Amino acid sequence: MTDSERFNNRELSWLDFDVRILEEARDSAIPLMERLKFLSITSSNLDEFFMVRVASLKDQVNAGYKGLDIAGMTAREQIEAILSYTHDFVERQYTTYNRSFLPLLKKNGLKIVSYFEDLNEEQSAYVDKYFRSEVFPVLTPMAVDTSRPFPLIRTGYLNIGALLQDKQNKNTVDFATVQVPSGLPRVVTIPTDEDECTTVILLEQIIEKNIHRLFSGYKVLCATPYRVMRNADLPFDEDEAADLLIEIERQLKRRQWGEPIRLEVESGIDKQLLKVLKKELPINEEAIYRINGPLDLTFLMKVYNFDGFDHLKDKPYTPQQPKYLKPDEDLFDQIREHDILLHHPYETFDPVVRFIREASQDPDVLAIKQTLYRVSSHSPIIASLAAAAENGKQVSVLVELKARFDEENNIVWARKLEEAGCHVIYGLVGLKTHSKITLVVRREEDGIRRYVHLGTGNYNDSTAKLYTDMGLLTCKRSYGEDATAVFNMLSGYSEPLGWNKLTLAPQWLRDKFLELIERESMNAKRGRTGRIVAKMNSLCDKEVIEALYRASAQGVKIDLIIRGICCLKAGIPGMSENITVRSIVGTFLEHSRIFYFENDGSPEIFMGSADWMPRNLDKRVEILFPVEDPVLKEDVIDILKVQLSDTKKARIMQPDGTYEKIDMRGKKAIGAQETFCQRAIKTSKNR
């Protein structure tokens, strides 16, 4: 079989995931405002996809790279396939918005004005007054002529382009542009023309209606919103950077100058105006998206937060107290008694925040060490780490500056921690530190004891309410020794002779996974039971996929729960007939990584920070850790069973690579995320 027959293309597989999110937006069984949220997510996802993935492919084409991807496609072939796919996808987005959402929102008391020409006299006067008082003082109109060059059009920002005719010299037509200010609300409530209805208009429509006021002495021939996405990769050489923090700061400013990757314009844009944009940006015709509606649908998230529409939303879920933790008892005492399993967001993230806060205040704590990849904008964890340093404790923090789109945020935190007296490490040269680990060293009556938190997700108290993740709190000596070795490797150059429990990328993790898969293959070959269940975000590592294909051929039953990218093809006779792949898209973003290996009747369970991707296995510092407590193991196994029994939100990969929802005929409706919510509430009530 050819590579294209054996593997799915990574980029097209990711776009399939965005289609699954769009399907949630189109599902009439979901409350209207929740559907709105899903449509907004598809838009932000697509932006990042272009800025990162399409940009990377463009770089390969520009460099003359002729290599093939896992599915046997060149970079140019991938770009062509992506552009064709995304043009169709965008059309489906806006068909959903125009034909479904606008009428349904209006029916439920929320009218979004599509064209400023539709305003009545009172609304028109209100909008003009709002422009003069609130908008006009903020705007900076920029004309382009022989003395004023074409300005920088920042990536992702809305702009309005216009063609102007000099009233004195009608033979002169100039281009001008104005950026829609991001500091003002994009969704503006205006007087309603209907009873019991909220009416809103978008900021760019208000500016477009009044754009003539910005160019006195000129006639505005036409004006249209447009938006450009640029290459967001940061091209810097870590080996040559004298100070990584300063170098990343410098490159962040250059991100706005990246090569244009995609141009969005309204579908009715004037041909001459579009010609100017194509020339000045510059951008090819196939990368231009003519939009039948408002550009950048992420504004729908603002609409979702409007007051008065709670009846169109899911009932908000409150994370519960963890099953294995008593909130009123000393945290360190409880960890000494038994390992504690955490399941977010069904169980609250507060114990993790509490773990670091109490360590910062505890006079017996000598040191705190932690890795940070993405943290919230007002992180209580950062505050606790700073307080710990000020309290005289030794605090070492690895802040990963290269976490894409969080670079600026992480620079701020790194400086704050340094000012508080923490020892801050900026990651390792050539690698991203993606592992999630905290070590607390405490002096106790019987000597020094090490407490460890290991997780599958970031130390971010905000996203912990939205992402499904797992965590483990333990003070077992073997885990503590390994945690110490991890931080010694990160802060220096020491490498342990061996590991007790943890397995790290990039040195050992790939081999560990391949050995575990091979063990199941050998067991099946010998007539024993071979079984693998693996839950992750993405699977695109060729060596791992080949190992799974070999295991399937030996009779190993393999169930994969993969939210997004999956380059493996499932259910193909002779290659993967024993493999199933399912993707669960629901209220929460599936983010945990869990791995089950049958091990001939003595199952082994692992969790960690890494997906089965080359970047995770070869180019990042990742940690895989076992769950060994028998009670906790059964809990994790049950979590996997519930996910595999989902009939409401799961979609099953077909042999051709497409995904289909499960046929519900004769089946009980089971939603894994709903089940976990209900269980957590029940456990909390029964305390």
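Given the structure is predicted, the values throughout are model-derived calculations rather than measurements.

(A) Region of the structure containing the sheet that holds strand β9 (residues 288–291). With respect to topology, 6 strands assemble into an open sheet ordered β2-β4-β3-β7-β8-β9, the strand pairing being mixed. Edge positions in the sheet fall to β2 (142–144) and β9, since each of these pairs with one other strand and no more. Across this sheet, the average inter-strand angle for adjacent strands is 30°, counted without regard to direction. Across 7 bridges, the pairing between strand β3 (residues 158–166) and strand β4 (residues 173–179) is antiparallel. Bridging from a neighbouring strand, Asn 159 pairs with Gln 179 of β4.

(B) Inspection of the environment of Tyr 65 at higher detail. Assignment of secondary structure puts Tyr 65 in the loop between α3 (32–62) and α4 (75–107). For the pair Tyr 65 and Ala 75, spaced 10 residues apart in sequence, the C-alpha separation works out to 7.7 Å.

(C) Expanded view of the side chain of Glu 590. For Glu 590, the position within the fold is in strand β22 (residues 589–590). Only 2.8 Å separates the side chain of Glu 590 from the side chain of Gln 673, close enough to count as a polar contact.

(D) Here's a closer look at the packing of aromatic side chains. Enumeration according to the criterion identifies 19 aromatic pairs in this entry. Arranged with centres 6.4 Å apart and planes meeting at 70°, the rings of Tyr 317 and Phe 588 form a pair that is edge-to-face. Linking Tyr 317 in the loop between α9 (300–304) and α10 (331–337) with Phe 588 in the loop between β21 (579–584) and β22, this pair joins segments that are 271 residues apart in sequence. Residue Phe 588 is classed as buried on the basis of its relative accessible area of 11%. Aromatic pair Tyr 346 and Phe 676: ring centres 5.2 Å apart, planes at 55°, arrangement tilted. Residue Tyr 346 is located in the loop between β10 (340–344) and α11 (350–361), and its partner Phe 676 is located in helix α19 (residues 672–685); the two are separated by 330 residues in the primary sequence.

(E) View of the side chain of Gln 78. Considering the arrangement of structural elements, one finds Gln 78 in helix α4. Within the structure, the side chain of Gln 78 is placed 3.0 Å from the side chain of Asn 9, a separation counted as a polar contact.

(F) Quick look at the packing of helix α2 (residues 10–25) against α3. Packing of α2 against α3 leaves a shortest axis separation of 8 Å and a crossing angle of 170°. Taken together, the axes of α2 and α3 lie roughly antiparallel to each other. Handedness of the crossing formed by α2 with α3: left-handed. Packed against α2, whose contacting residues are Arg 10, Glu 11, Trp 14, Leu 15, Phe 17, Asp 18, Ile 21, Leu 22, Glu 24 and Ala 25, the element α3 presents Arg 35, Phe 38, Leu 39, Ile 41, Thr 42, Asn 45, Leu 46, Phe 49, Arg 53 and Leu 57 at the interface. Taken together, the residues of the contact of α2 with α3 sort by class into 12 nonpolar, 2 polar and 6 charged.

(G) Focus on the pattern of salt bridges. Summed over the entire model, instances satisfying the criterion amount to 49 salt bridges. Asp 362 serves as the salt-bridge partner of Arg 442, at 2.8 Å between the closest nitrogen and oxygen. Placement of Arg 442 in strand β15 (residues 437–444) and of Asp 362 in the loop between α11 and β11 (365–372) is noted, with a sequence separation of 80 residues between them. By relative accessible area, which is 11% here, Asp 362 ends up buried. One salt bridge in this structure joins Lys 557 and Asp 559, with 2.9 Å as the shortest N-O distance. Linked through salt bridges whose partners overlap, the residues forming this network are Asp 47, Arg 186, Glu 204, Arg 227, Arg 262, Glu 264 and Asp 296.

(H) Inspection of the sheet that holds strand β6 (residues 198–202) at higher detail. Within the open sheet, the 3 strands sit side by side as β1-β6-β5. Their pairing is mixed. The sheet is open, and its two edges are formed by β1 (110–112) and β5 (187–190), each paired on a single side. Pairwise comparison of adjacent strand axes, ignoring direction, gives a mean angle of 35° for this sheet. Of the strand pairs in this sheet, β5 and β6 are connected by 4 bridges, and their pairing is antiparallel. Across the sheet, the residue bridging to Thr 189 is Val 200, located in β6. Contacting β5 and β6, helix α5 (residues 121–135) crosses the sheet at an angle of about 135° to β5.

(I) Fine view of the environment of Ala 287. In this fold, Ala 287 is placed in the loop between α8 (271–280) and β9. With relative accessibility at 8%, the residue Ala 287 sits in the buried group. Apart from residues lying up to four places away in sequence, Ala 287 is in contact with Ile 261, Arg 262 and Leu 263.

(J) Layout of empty space enclosed by the protein. Enumeration over the complete set of coordinates arrives at 5 cavities of 30 Å³ or more. Volume-wise, the largest cavity comes out at about 110 Å³. Along its surface, the largest cavity is lined by 15 residues, and His 344, Phe 349, Gly 457, Asn 458 and Asp 469 are the ones closest to its centre. Elements that contribute at least two residues to the lining of the largest cavity include exactly β16 (447–455) and β17 (467–474). It is β17 that provides the largest number of residues to the lining of the largest cavity, a total of 4 residues. Partitioning the lining of the largest cavity into residue classes produces 5 nonpolar, 9 polar and 1 charged.

(K) Region of interest: α4. With 33 residues, α4 should cover 48 Å at 1.5 Å per step; its first-to-last C-alpha distance of 46 Å lies within 8% of that length. The sharpest bend along α4 measures roughly 35° and falls at Phe 101, with the proline Pro 103 sitting one to four residues further on. Looking one or two residues past α4, Gly 109 carries a phi angle of roughly 95°, positive in sign.

Cut-off values and rules
- Residues numbered from 1 in each chain as written.
- Predicted model: local features only at pLDDT ≥ 70, side-chain atom pairs only at ≥ 80, totals over all residues.
- Heavy atoms only, no water.
- Pairing = 2+ DSSP bridges.
- Helix = DSSP H or I, 4+ residues; strand = E, 2+ residues; numbered from the N terminus.
- Axes fitted to C-alpha atoms, helices over the stretch in contact; angles between N-to-C directions.
- Polar contact = N/O pair within 3.5 Å; in protein donor to acceptor, adjacent residues only side chain to side chain.
- Phe/Tyr/Trp six-rings, centres within 6.5 Å; stacked < 30°, edge-to-face > 60°.
- Buried < 20%, exposed > 50% of the residue type's maximum accessible area, 1.4 Å probe, protein only.
- Parallel < 35°, antiparallel > 145°, perpendicular 65-115°, else oblique.
- Left-handed = near helix turned anticlockwise from the far one by under 90°.
- Contact = heavy atoms within 4.5 Å.
- Nonpolar A, V, L, I, M, F, W, Y, C, P; charged D, E, K, R; others polar.
- Salt bridge = Lys/Arg side-chain N within 4 Å of Asp/Glu carboxyl O.
- 1 Å grid on protein atoms, 1.4 Å probe; cavity = no way out; pocket = protein on both sides within 12 Å on 5 of 7 lines; lining within 4 Å.
- Points joined across faces, edges and corners; volume = space filled by probe spheres on them.
- Expected span 1.5 Å × (residues − 1).
- Bend = angle between axes of the 7 residues up to and from the residue.

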